[in-house]
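An overview of the molecular structure
Chain by chain, the residues:
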Amino acid sequence: TLHFMDDMVVTRPFGLAEQITVHRTLQSRPDVIAFSLRLHPQITTCYATESKSDAPLFDPEMTWNWQHAQGDFAYPMSLDA
C-alpha cells in the first residue's frame, strides 16, 4: 500500500520496475524498514525545521543509515511510504 500526504506532488511516474525493486529490497534486507518517494540525495533542507540538512551517504540500493543522518533523513519511519 502506498500512502500520500495532503501536500505531496508526484513529478514523475513510479512504475512497476521501481515497485519490484522496493519489494525485493524489503524482502531481502531486514535492516530496511521503509521507503520514501520524496527523500533523495538532492534534498538539502529539512522540511520540519527549515534548516540546511546534508544528505547522508546512500548505498547502491538508495538506502541510508538513519541513525547517522540529520534532518528529514534522521527520522526512521515514513508516513509517505
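Data block above holds the structure.
The present account deals with the structure reproduced in this document. Everything numeric in this text was worked out from a predicted model, so none of it was measured. (Residues numbered from 1 in each chain as written. Predicted model: local features only at pLDDT ≥ 70, side-chain atom pairs only at ≥ 80, totals over all residues. Heavy atoms only, no water.)

1. Quick word on the side chain of D72
Its location among the elements puts D72 in the segment after β2 (51–52). Setting aside residues up to four positions removed in sequence, D72 forms contacts with R38, L39, T45, C46, Y47, A48 and S53. (Helix = DSSP H or I, 4+ residues; strand = E, 2+ residues; numbered from the N terminus. Contact = heavy atoms within 4.5 Å.)

2. Regarding the side chain of S53
Looking at the element boundaries, S53 is found in the segment after β2. Taking the relative accessible area as the measure of exposure, S53 reaches 3% and is therefore buried. Within the structure, S53 has its side chain in polar contact with the backbone oxygen of Q70 (distance 3.2 Å). Once residues lying within four places of it in the same chain are set aside, the contact partners of S53 are I43, T44, T45, C46, Q70, G71, D72 and F73. (Buried < 20%, exposed > 50% of the residue type's maximum accessible area, 1.4 Å probe, protein only. Polar contact = N/O pair within 3.5 Å; in protein donor to acceptor, adjacent residues only side chain to side chain.)

3. Some thoughts on the packing of aromatic side chains
Counted by the stated rule, this structure contains three aromatic pairs. With 6.1 Å between their ring centres and 85° between their planes, F58 and F73 make a pair best called edge-to-face. Here F58 is found in the segment after β2, whereas its partner F73 is found in the segment after β2, with 15 residues between them in sequence. What makes F73 buried here is its relative accessible area of 1%. Each ring, one from W64 and one from F73, has its centre 5.2 Å from the other, and the planes form 80°; the classification is edge-to-face. (Phe/Tyr/Trp six-rings, centres within 6.5 Å; stacked < 30°, edge-to-face > 60°.)

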